[in-house]
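# Observations on the model geometry
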Amino acid sequence: MLELLAPKPGNVNRYHDFENKTIIDFLYGSVSVARLVRDIFLGASPGDALIESVQTMLRLAKGNTHLGILIMFFPIATAAREMFFWNRIELTKKASAVLKEIPPEETVKIAKAIKYVSPPLPLIKDRNMDVTTDNVLRNILESGVTAYEWFKAGSSVNIVAKELVDEYKITVDVSRIIERKKEEVGLSKAIVDASVYA
């Protein structure tokens, strides 16, 4: 939510709404992230937790406000559930590794959650595996694709997929910029500076 409040250029923030989305929509959508983390920590599978969280987001906000964050958070929450102590690097490495353990049946649920949002553009170059196609769920199962393989297929055209398979490189870099700059320029300005980097 702190990121939402910072006055980032071109994004919804406390000083600027979009015509079809307001800061209130994004605050309501934030509930879906809390639900995702809670459900995973309580033992829900990543796919089931993602479906429930996407449905929560769509119910509370006016459409898609947090799909990318939800997709990036489910491996992090799954990894954090399995680790007692962790630092940023260990957690992001484990989160990427978690994707390799997610079987095709669970990958189908992840794709189904994304389909609920109806992305307008292809997310993967391979049309057989893209969520904008009708046969993607069947194709994932028939091809035996893990979540990692599915996101890897989209990593050349989708920044969220790239982050997942690259161990959250940009996310870690941005968090370091915020951490380094927040004492010097304040948290809000540090977030803006970091978002310009990303």
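Before reading on, note that the structure itself is shown above.
Report follows, based on the coordinates. The structure displayed is predicted, hence computed values, not measured ones. All residue numbers refer to position in the chain's written sequence, counted from 1. Residues qualify for local features only when their pLDDT is at least 70, as the model is predicted, and side-chain atom pairs are given and counted only at 80 or more; totals for whole chains, interfaces and linings, by contrast, use all residues. For side-chain calculations, the full set of non-hydrogen atoms in the structure is used, while hydrogens and water are omitted.

What follows is about the environment of I76. Segments assigned H or I by DSSP are reported as helices when at least four residues long, segments assigned E as strands when at least two residues long, and all are numbered from the N terminus. On the secondary structure map, I76 appears in helix α4 (residues 67-82). The rule is simple: take the accessible area with a 1.4 Å probe, protein chains only, and divide by the maximum for that residue type; under 20% is buried, over 50% is exposed, in between is partly exposed. Classification of I76 as buried rests on a relative accessible area of 19%. Residues I76 and M57 lie 19 residues apart in sequence; the distance between their C-alpha atoms is 19 Å. The contacts of I76, once residues within four sequence positions are left out, are L91, A95 and Y168. The criterion used for residue contact is that any of the two residues' heavy atoms lie within 4.5 Å.

This part covers the pattern of salt bridges. By salt bridge we mean one thing: a side-chain nitrogen of Lys or Arg within 4 Å of a carboxyl oxygen of Asp or Glu. Applying the stated criterion across every chain yields a total of twelve salt bridges. Between E52 and R35 there is a salt bridge whose closest N-O contact spans 3.2 Å. Of this pair, E52 sits in helix α3 (residues 46-60) while R35 sits in helix α2 (residues 23-41), and the two are 17 residues apart along the sequence. What makes E52 partly exposed here is its relative accessible area of 32%. The partner of D39 in a salt bridge is R38, with the nearest N and O atoms 2.6 Å apart. The class for R38 is partly exposed, based on a relative accessible area of 46%. Salt bridges sharing common partners tie together R35, R38, D39 and E52.

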